[in-house]
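# Descriptive structure summary
Listed below, chain by chain, are the residues.
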Amino acid sequence: MKLITVAGPPSSGKTSVILKTIAALGLPEGSVGVVKFDSLTSFDHQRYDEQQIPNQTAFAGKICPDHHFVSNVEGAVEWGMKKGLSVLVTESAGLCNRCSPYVNGILSVCVIDNLSGVNTPRKIGPMLKYADIIVVTKGDVVSQAEREVFAFNIREVNASATVLFVNGITGQGAFMLARYWQDALDIRTLRDRKLRFTMPAAICSYCTGETLIGEMYQMGMVKRMEFDDV
Amino acid sequence: MKALDYAAEVSAVPIGDILRRYPLAVDYLANMRLDRVDEFKTLPEILEDVDEDILEEFGLDREEVIFHFCAFLEAFSRKRDSVEAISSITILGGRDKAGRPEMVELTITPGEVVSIVGPTGSGKSRLLEDIECLAQRDTPTARQILINGSVPDLDKRFSAGGKLVAQLSQNMNFVMDLTVQEFLEMHAKSRMISGSAAVVEKCFAVANSLAGEKFTLDTKVTQLSGGQSRSLMIADTALLSSSPIILIDELENAGIDRREAVKLLVGNEKIVLMSTHDPLLALRADKRIVIRNGGIAKVIETTAEEEQTLQKIEAIDSILLDIRNQLRGGGVVAKESIPEFQEN
Ligand SMILES: Nc1nc2c(ncn2[C@@H]2O[C@H](COP(=O)(O)OP(=O)(O)OP(=O)(O)O)[C@@H](O)[C@H]2O)c(=O)[nH]1
Ligand SMILES: Nc1ncnc2c1ncn2[C@@H]1O[C@H](COP(=O)(O)OP(=O)(O)OP(=O)(O)O)[C@@H](O)[C@H]1O
Ligand SMILES: [Mg+2]
Ligand SMILES: [Mg+2]
Ligand SMILES: [Zn+2]
Ligand SMILES: [Zn+2]
């Protein structure tokens, strides 16, 4: 089974791109599945159901979404194997800009959209920097110049990735992405594979349910901000 | 030069000089939150003073920062975005919506304008899409696109990263919160164009000559009117975009000088294809592709007779333009605005 991880900021077009790319793959119905990782709510399953795409949704709830991803992605792979899928796609909304749910050797796709502002590529960090393929959506509504500047800013952060332009609504460009998916690695398990980037540290007292504000309630890994002297 | 070749330079030369040699490197440092550095120190010296935890937040140690910095310099010192010269594109027919074969082979060269005409929903935009993705019999139309007479290798098809083709359409808007000047400068910078001030100036002047109402360099691009935006996009695409092929999907209602716009684009040795319902634009082209039911029904070369007709259409167009200006100026349209047509 081929595994592809797709990440990107909320509403950047991940589901749209995944749906169009699955269509472009042209594999028999039911052989490509999706696991959506989200934090609280998601309506993506309705769109996958509509297209008869086997799918599961995992909610992180109060757990850090990235930690939740790593602790469940292996389970997702097991589900896909049992379902007899030939391609499994994970979709995760990068909720803190620091995360990158990418695994060494596994095709990593980051989806960002032209509307999010030209400097966004410079701000989203590892999720962009460690991706193999960067898909840019919503090019249909911005100017050519903005598309070019956006792509340039992407290359400044990740010069080695392949940048593809996909229209999430018409599917224009999706079949190029499908070509890359066809070459993704076949795996049976993720056990012993390594993350490309460390997960955000989440071992302070607030992680374990503390809600009171004040230094005396803070324990563990805390990063204190330094303000200018006045 | 390879990335490693930059390592010696980066370790020996103070960062201030590096930044003067490679102006874009400022962005790399800014992306790493290293924007206020002592310019007399070298990068390794600067990194010595940076908290390891900060670097770790970016997932890098000191050596990796230096390596990535060198890779960055390498990536952006390559010969200008090298989009190779294109001497022609060829459209090989596929099939129409009914599955009937399209019997065409059409080659287009730089400086040529080809218009695409046909009823709504016939497949004009689809043809533009096929060209954009350099279709290889793998789209619904099964068309194949050749570059310089041969099949583009897969790598080129993908790595061109959209650089082969620039697109302009009715739906496009500016979303950046920048002034016209900042916008053009930013685009010029991303193209690594030297002497960008002159290009920016030219682009601005040309855009203004296409637009009805003039705008200034310090107007926000998001505040431009529809027609002004379109003018700026066209001028920018003609003068600042590297793409050798321009695809235009319906430009008609833009309220700009369409004739000049087309002239400008072709004048810059681009291959221009435009889908249109506008007789003026359709006949301005050297050839027009007629689409019917998803397929290319025929390709017509604009005849000498049509060129004469075009002059008449232009005359009618300027009458309309005149009336439009009268209306815009708050005038009352006189009956004499429209000359009597001769009976023949
Ligand atoms: N104009 C335009 N809209 C797009 C494009 N791609 C996606 N959209 C729209 O953007 C919105 C969000 O798209 P989704 O695919 O749901 O985004 P997502 O990243 O899966 O969102 P979450 O899973 O909720 O984080 C939808 O309304 C899409 O129709 C595109 O290329 N152009
Ligand atoms: N040869 C073909 N085979 C299958 N489908 C096709 C073919 N040509 C076009 N289509 C499909 O027909 C639909 C309409 O085409 P398109 O949007 O290109 O029309 P259009 O001529 O641009 O219309 P408009 O003038 O309204 O913009 C699209 O979904 C397109 O993918
Ligand atoms: Mg989604
Ligand atoms: Mg159309
Ligand atoms: Zn995160
Ligand atoms: Zn915590």
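Residues numbered from 1 in each chain as written. Chains lettered and ligands numbered in written order. Predicted model: local features only at pLDDT ≥ 70, side-chain atom pairs only at ≥ 80, totals over all residues. Heavy atoms only, no water.

All right, on to the packing of aromatic side chains then. Residue and element names in this part refer to chain B. Summed over the entire model, instances satisfying the criterion amount to six aromatic pairs over all chains. With a centroid separation of 5.4 Å and an interplanar angle of 55°, the aromatic rings of Tyr28 and Phe72 are classed as tilted. Residue Tyr28 is found in helix α3 (residues 25-31), and its partner Phe72 is found in helix α6 (residues 62-77); the two are separated by 44 residues along the sequence. Each of the two residues, Tyr28 as well as Phe72, counts as buried. (Phe/Tyr/Trp six-rings, centres within 6.5 Å; stacked < 30°, edge-to-face > 60°. Helix = DSSP H or I, 4+ residues; strand = E, 2+ residues; numbered from the N terminus. Buried < 20%, exposed > 50% of the residue type's maximum accessible area, 1.4 Å probe, protein only.)

It is worth spelling out the pairing of strand β9 (residues 295-301) of chain B at this point. Residue and element names in this part refer to chain B. Pairing geometry for strand β8 (residues 287-292) and β9, over six bridges, is antiparallel. Residue pairing in the sheet places Ile291 in a bridge with Ile296 of β9. Hairpin connection of β8 to β9: two residues between the antiparallel strands, including Asn293 at a positive phi of 50°. (Pairing = 2+ DSSP bridges.)

Before going further, it helps to spend a moment on the domain arrangement of chain B. Structurally, chain B comprises domain 1 (5-77), domain 2 (89-302) and domain 3 (304-344). Here the C-alpha centroids of domain 1 of chain B and domain 3 of chain B sit 63 Å apart. (Domains from an automatic or database assignment.)

Attention now goes to the site of ligand 2. All names here are of chain B. As a structural note, the neighbourhood of ligand 2 is formed by 16 residues, with Thr120, Gly121, Lys124, Ser125 and Arg126 the closest of them. Between ligand 2 and the protein, one listed contact pairs a nitrogen atom with a backbone N or O atom of Gly294 at 3.0 Å. Coverage of ligand 2 by the protein chains reaches 70% of its 640 Å² of free accessible surface. Here the residues of the shell around ligand 2 sort into two nonpolar, eight polar and six charged. (Near = heavy atom within 4 Å. Polar contact = N/O pair within 3.5 Å; in protein donor to acceptor, adjacent residues only side chain to side chain. Areas by Shrake-Rupley, 256 points an atom, 1.4 Å probe, with all protein chains shown as cover. Nonpolar A, V, L, I, M, F, W, Y, C, P; charged D, E, K, R; others polar.)

For the rest of this paragraph, the subject is the interface of chain A and chain B. Contacts between chain A and chain B engage 34 residues on the former and 46 residues on the latter. Both sides together, the interface formed by chain A and chain B hides about 3300 Å², and carbon and sulfur atoms give 55% of it. Between the two partners, chain A and chain B, sit two salt bridges. Asp27 of chain B serves as the salt-bridge partner of Arg122 of chain A, at 3.8 Å between the closest nitrogen and oxygen. Our enumeration of links across chain A and chain B arrives at 11 residue pairs in polar contact (both at pLDDT 80 or more). (Contact = heavy atoms within 4.5 Å. Buried area = accessible area lost by both parts, 1.4 Å probe. Salt bridge = Lys/Arg side-chain N within 4 Å of Asp/Glu carboxyl O.)

Here chain B averages 85 in pLDDT, and 92% of its residues register 70 or above. Both confidence scores are given for the complex: pTM 0.81, ipTM 0.75. (pLDDT = per-residue confidence, 0-100.)

Time to look at the sheet that holds strand β1 (residues 89-92) of chain B. All names here are of chain B. The antiparallel open sheet is built from three strands, whose spatial order is β2-β1-β4. The open sheet has two free edges, formed respectively by β2 (105-108) and β4 (144-147), since each of these has just one partner strand. Neighbour to neighbour, the strand axes of the sheet diverge by 20° on average, direction disregarded. Where β1 and β2 come together, four bridges link them in antiparallel fashion. In the sheet register, Thr90 faces β2, and the bridge partner there is Thr107. (Axes fitted to C-alpha atoms, helices over the stretch in contact; angles between N-to-C directions.)

Residues and elements named next belong to chain A. Near ligand 1, the surroundings consist of 20 residues, among which Lys14, Thr15, Ser16, Lys36 and Arg47 are the closest. Lys36 places a side-chain nitrogen or oxygen 2.7 Å from an oxygen atom of ligand 1. The contact in question runs from a nitrogen atom of ligand 1 to an N or O atom on the side chain of Asp140, over 2.8 Å. Taken by itself ligand 1 offers 660 Å² of open surface, and the protein chains cover 75% of this. No other element matches helix α1 (residues 14-25), which puts three residues into the shell around ligand 1. The residue makeup of the shell around ligand 1, split by class, is five nonpolar, eight polar and seven charged.

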